[in-house]
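# Topology and contacts: notes
Each chain, letter by letter, is given below.
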Amino acid sequence: MSHRELYENLKNGLNQEVQIKNRIQQFEQQIDGINKKETQYRNDIEAFAKGLEAHVFLPKLAESLKTEVSLILKSKNEVEHQQKGFLSKEQIQEVSVKIVEYLLSNHLSNKDLTAQELARHLLQHNGSNNAQDPYYFLEIAEIKALENLIQGTYMNPFPSLTQQQVELNIAVGQITSLKGQIETLKAQISGKDYNLLKMYEDNQSLAKRLEGEIIEYEKEIERISKRIAQFDIQVSEEPDPKYEALKKLRPFFEDVANQLLKSKKQQLEVTMKQDLNLNLAAYRDVIERVELSEDLRDLSFKLYHKAGNEIYLNQLNTASKQVVMQVLLKALHEYGDYDPPVMIDTVMGVLDKTSRSTILENYFPQVSHQTILLSSDSEITKETDLAKIESFVAKTYTLKRDKENQRTEVVAGYF
């Protein structure tokens, strides 16, 4: 539905190439915006890591020490209030020196009086007593630092970074789709090909059909829910520890599976390229490379022509699509760590004459291990086709329908 505006413009007869180029530019800007968001996110994460103390440790420390620091500040303020009007020890020492110097020089004939004795006398009558302050050892700068610690404003950016990560994961997952749409649009620029209009209308019809199916499914869900409600089923609300543990293991096994896929990805791609160049009649010997995805949950692959362009699967006919899928099946089967049986039904149903011959001579002989072919006598003829693969077939059977007794008999031999 993202092509709606382009579809309307093309339908109204506007310049197709200009409209497509504008749409391509929009998609490219969208991808560029996602990449910029990713760069910004990485910078924010780096800044958060560098300032971890200020973002996490200091707020936690302030919360833990808030009560103790408040008591210290309260005690210091009370002592400071009590000592208002009294001179400090340093001030008394300085004043004493000046008084003694003045008396000795002008009024006092007794030379035995010293500044220390005068300072001691003044301190005794000053009323200041450092013993009353249990935190007298703290400097003014230290008191100020403690005050800033509990009164500081802290903001933890981690929640916003988490939300940013969730949104970025969704956006990054859309990049592949956007690039695919760009390639689709670029393929339309070369000529007056209005396949895009037909593709849009087909997708629109498909969307309407699926909406109808959704409604039917919702009705079915409601009907089943009502049936379930008729039964008195006691569901335990207590969590099952084993089940919870298994749910935590699921991401681990998915990661292991993807790692196994990555380890064999190159072998799968090379094998598929070789087999497609041999078996895909429409593109024989012109496939440059095959690219396989790295996520088993969304397993996909792309084919590229020697000219550099991508060969889109939706542009292949039904026969070619069948060959491509059989080649993928063979590659996965060949490089798997176990040998599951492979069953292919209607093996020649949509293949043309050239593809039939290629599959019989090059494909089936290589996948004979653990493979079951379900074919009619018109697909693999007994006179000519069977001879090409007979040496690779272990056993043959024919299914004969007994209409009278309404059953099928399995008979040895091929028709």
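Throughout this description, residue numbers start from 1 for each chain and increase along the sequence as written. Local features in this predicted model are restricted to residues whose pLDDT is 70 or higher, and side-chain atom pairs enter the listing and the counts only when it is 80 or higher, whereas totals over whole chains, interfaces and linings include all residues. Computation of side-chain values: all heavy atoms of the structure, hydrogens and water removed.

### Looking at the nonpolar core
Here is the rule: What makes a nonpolar core is a set of buried Ala, Val, Leu, Ile, Met, Phe, Trp, Tyr and Cys residues whose side-chain atoms join them at distances within 4.5 Å. Here the term buried applies to any residue with accessible area under 20% of the maximum for its type, exposed to any over 50%, and partly exposed to those in between, with areas from a 1.4 Å probe on protein chains only. Each helix is a run of DSSP H or I of at least 4 residues and each strand a run of E of at least 2, with the numbering of both proceeding from the N terminus. Note on contacts: a residue pair is in contact if any heavy atoms of the two residues lie within 4.5 Å.
One finds M272, L276, F301, M348 and F364 to be the most contacted residues of the largest nonpolar core, which totals 32 residues. No other element matches the six residues that helix α11 (residues 318-334) contributes to this core. Apart from residues lying up to four places away in sequence, F364 is in contact with I344, V347, M348, I359, L373 and I389. I34, A171, L178 and I182 belong to the second largest nonpolar core, which has 11 residues in total.

### Some words on the pairing of strand β6 (residues 397-402)
Test applied: Here a strand pair is declared whenever DSSP counts at least two bridges between the two strands.
Pairing geometry for β6 and strand β7 (residues 407-412), over six bridges, is antiparallel. If you follow R401 over to β7, its bridge partner there is T408. Linking β6 back to β7 in an antiparallel pair, the connection comprises four residues, with Q406 at a positive phi of about 55 degrees.

### Overview of the sheet that holds strand β1 (residues 287-292)
In sheet architecture, strand pairing relies on hydrogen bonds along the backbone and comes in two forms, parallel and antiparallel. Note the threshold: An axis is simply a line fitted to the C-alpha atoms; with a helix, the fit covers only the stretch in contact. Between two such axes, the angle follows the N-to-C directions and lies from 0 to 180 degrees.
Here three strands make up an open sheet; going across it, the order is β1-β2-β3 and the pairing antiparallel. Looking at the sheet topology across the chains shown, the edges are occupied by β1 and β3 (310-311). Sitting on the sheet, helix α10 (residues 241-279) touches β1 and β2 (301-305), and the angle it makes with β1 is about 150 degrees.

### What about the pattern of salt bridges?
Test applied: By convention in these notes, a salt bridge is any Lys or Arg side-chain nitrogen within 4 Å of a carboxyl oxygen on Asp or Glu.
A full pass over the atoms with the stated rule returns 11 salt bridges. With a closest N to O distance of 2.7 Å, E213 and R209 form a salt bridge. Of the two residues, E213 and R209 are both situated in helix α9 (residues 195-229); the distance of four residues between them amounts to about one turn of the helix. One salt bridge connects R289 with E291, and the closest N-O pair in it is separated by 3.1 Å. On the basis of relative accessibility, which here comes to 32%, the residue E291 falls in the partly exposed class. Several salt bridges converge on common partners, so that one network encompasses D402, R407 and E409.

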